[in-house]
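# What the coordinates show
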Amino acid sequence: MGFCWPEDFPLIFERSREGRRGVRPPGTRDADAKALFGEENLRARAPRLPEVDELTVVRHYTNLSRRQVGVDTTFYPLGSCTMKYNPRVLEAAAARFAGLHPYQDPESAQGALELMYELGEYLKALTGMDAVTLQPAAGAHGELTGILVIRAYHKDRGEAETRRVVLVPDSAHGSNPATAAMAGFEVREVPSGPDGEVDLEALKRELGSHVAAIMLTNPNTLGIFERRILALSEAAHAAGAQLYYDGANLNAIMGWARPGDMGFDVVHLNLHKTFATPHGGGGPGSGPVGVKAHLAPYLPVPLVVKENGRYRLDFDRPKSIGRMRSFFGNFGVLVKAYVYIRMLGLEGLRDAAAKSVLNARYLKELLKKRGFRVPYDGPTMHEFVAQPPEGLRAVDVAKALLDEGFHPPTIYFPLIVKEALMVEPTETESKETLEAFAEVLGRIAERGLEDPEWIQGAPYTTPVRRLDEVKANRRPVLRWRPD
Ligand SMILES: *Cc1c(COP(=O)(O)O)cnc(C)c1O
């Protein structure tokens, strides 16, 4: 049994009583099974499944779900993840398409294709790109798609052998260097300056005919807008490099500024962050990739095209990098993004972005008053990176927050800030929630400084107390085994 299972919470297996059962679905009697599969194909011994009645199953899972922490239960300021509220109406919209089959004749799925086409047009308009694929299943998958597109472009120009390097700032999300390495590139790190923005002079020194691409996010992972982005993109293009935009932070600027206008050649978006799909726990995501015209021929197949008012899937694209995923992407997520964009409109999207920035700036000021430090206090956008008062560790503050019913912020990221607390409140939180959170953090810090033993022992009220994180990483117990 997993070492982190709450001791007072019996496993469904432990509730099993021989011969007890809930329902017997029609067609599952032994005689039916014999007729259906042939006796020789039936298993000799029954599987070791728990034998429980229906009510026990309902209570077990309902009680488990009540121990779940999520945006629906509490403030969830997990930096970089944009854990905003996702309106329920989007689920209803996605459910309308549940009857579609991916092998359906496109002629009989014109509405679905129209939705994909239109969503692509909206994303192009919001990012300033010329073509888009909706296929990638997540942000990191979009990164891989975008970098493979860049690789194909350089190869087509006969520069694949020389352009072997991808530049990544030291504040980057770990998926950026991982993507570049997976695509076979050598990764070189570019330092940030004292203001938290990319050190432009250091970047220029790295540029040359060996550089294939630069991967950036703007605002960057410190939540700071890169003000020298135009000079940076000019220098990159002068050296023949392509500029890749990690769109995980688009929530801060959607409707106000476009990566395409900043000089980016490729962008991925995380629909499950910016465009209102619930995420966490590895659920379905979506990472569309937009490119400028010169990279469009390399996008994955198929693309949805519109001809004479009809939609079809275009597979005839000889320079395409091929398929990145089965079928056409996580279609349900595409529906939610489409409806979210239609619901809010351009003004609504701009308002959401502006409020995400306002909330982050307000919370940052509240925390500074409570003794939290902000090492890079530049033009904060939708998130900021703070440090607890001197003498406290980020992990202890995060654990103590659990006792107060808040999900902690991201900690120890970005790597360039010691004891980092990366806070992203999002636009859907009220002023009262932000104030309550700052108040609680202030109290935790005060008590933690007075009583180190207390804060190092937190959390005290959660179903599972502090985990052995090294053991959880090295020896994860991912499923139940009979003793
Ligand atoms: C979340 C995130 C990613 C990766 O996106 P996934 O959808 O989780 O694969 C990449 N970069 C940044 C900055 C992110 O916040």
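Throughout what follows, the structure given in this document is the object of discussion.

Quick notes on the rules
Residues numbered from 1 in each chain as written. Predicted model: local features only at pLDDT ≥ 70, side-chain atom pairs only at ≥ 80, totals over all residues. Heavy atoms only, no water. Near = heavy atom within 4 Å. Polar contact = N/O pair within 3.5 Å; in protein donor to acceptor, adjacent residues only side chain to side chain. Areas by Shrake-Rupley, 256 points an atom, 1.4 Å probe, with all protein chains shown as cover. Helix = DSSP H or I, 4+ residues; strand = E, 2+ residues; numbered from the N terminus. Nonpolar A, V, L, I, M, F, W, Y, C, P; charged D, E, K, R; others polar. Buried < 20%, exposed > 50% of the residue type's maximum accessible area, 1.4 Å probe, protein only. Pairing = 2+ DSSP bridges. Right-handed = clockwise from strand over helix to strand, strands pointing away. Phe/Tyr/Trp six-rings, centres within 6.5 Å; stacked < 30°, edge-to-face > 60°. Lys NZ or Arg CZ within 6 Å of the ring centre and 35° of its normal. Lys, Arg positive; Asp, Glu negative; His and termini not counted. Salt bridge = Lys/Arg side-chain N within 4 Å of Asp/Glu carboxyl O. Contact = heavy atoms within 4.5 Å. Core = buried A, V, L, I, M, F, W, Y, C linked by side-chain atoms within 4.5 Å. Domains from an automatic or database assignment.

### Overview of the site of the ligand
Close contacts around the ligand come from S80, A138, G139, A140, E143, H173, S175, D246, A248, N270, H272 and K273, and that covers them all. A140 has a polar backbone atom sitting 2.8 Å from an oxygen atom of the ligand. Between H272 and the ligand, the recorded distance is 2.7 Å, taken from a side-chain N or O atom to an oxygen atom. In isolation the ligand has 380 Å² of accessible area, and contact with the protein removes 86% of it. Considering every element that reaches the shell around the ligand, the biggest residue donor is helix α5 (residues 139-156), with three residues. Along the lines of polarity and charge, the residues of the shell around the ligand split into three nonpolar, six polar and three charged.

### Digging into the pairing of strand β4 (residues 211-216)
Regular strands have side chains that alternate between both faces of the sheet. Judged by how many residues are buried, β4 sits mostly within the fold: six of six residues are covered. Here strand β2 (residues 165-169) runs beside β4; their pairing, made up of three bridges, is parallel. If you follow L167 over to β4, its bridge partner there is I214. Relative to strand β5 (residues 242-247), β4 is paired through four bridges, and the arrangement is parallel. Looking at the pairing, M215 lines up with Y244 of β5. On the question of chirality, the crossover connecting β4 to the parallel β5 by way of helix α8 (residues 229-238) is right-handed.

### Topic: the packing of aromatic side chains
If you walk through the whole model with that rule in mind, you get eleven aromatic pairs. Pairing Y117 with Y311 gives two aromatic rings, centres 5.5 Å apart and planes at 55°, and the pair type is tilted. Here Y117 is found in helix α4 (residues 110-127), whereas its partner Y311 is found in strand β9 (residues 310-314), with 194 residues between them in sequence. Y117 sits in the partly exposed class, given a relative accessible area of 22%. Ring centres of Y153 and Y298 lie 6.3 Å apart, and the angle between their planes is 80°; this geometry places the pair in the edge-to-face category. Of the two residues, Y153 sits in helix α5 while Y298 sits in the loop between β7 (289-291) and β8 (303-307), which places them 145 residues apart along the sequence. Here the two residues Y153 and Y298 agree in accessibility, since each one is buried. Aromatic rings pair up to connect F75, F406 and F437 into one cluster. Over the aromatic face of W256 sits the side chain of R350, whose NZ or CZ is 3.7 Å from the ring centroid.

### Brief notes about unusual backbone geometry
P219 follows N218 through a cis peptide bond whose omega is 0°. Relative to the helices and strands, P219 resides in the loop between β4 and α8. The linkage connecting A458 with the following residue, P459, adopts the cis geometry, with an omega of 5°. You can see P459 is positioned in the loop between α14 (452-457) and α15 (469-474).

### Describing the side chain of E383
Checked against the element boundaries, E383 lands in the loop between α11 (331-369) and β10 (384-386). Buried charged residue E383 carries no salt bridge. Nearest counter-charge: K273, at 8.5 Å. A distance of 2.7 Å separates a polar atom in the side chain of E383 from the backbone nitrogen of S80. Those residues in contact with E383 that sit more than four places away from it in its chain are G79, S80, N220, T221, L222, G223, N249, A360, M422, V423 and E424.

### Comments concerning the nonpolar core
Residues L119, L203, L207, I214 and F275 are the most contacted members of the largest nonpolar core, which totals 58 residues. A per-element tally of this core places α11 first, with twelve residues. Split by domain, the residues of this core number at least three in each of domain 1 (89-344) and domain 2 (347-474). If near-sequence neighbours (up to four positions away) are discounted, L119 is found in contact with L134, L271, L334, A337, Y338 and I341.

### Here we look at the environment of A109
Structurally, the position occupied by A109 is in the loop between α3 (89-95) and α4. Given the relative accessible area of 11%, A109 is considered buried. Put simply, A109 and Y311 are 202 residues apart on the chain and 9.0 Å apart in space, counted from C-alpha to C-alpha. Ignoring anything within four residues of it in the chain, the contact list for A109 reads L100 and Q104.

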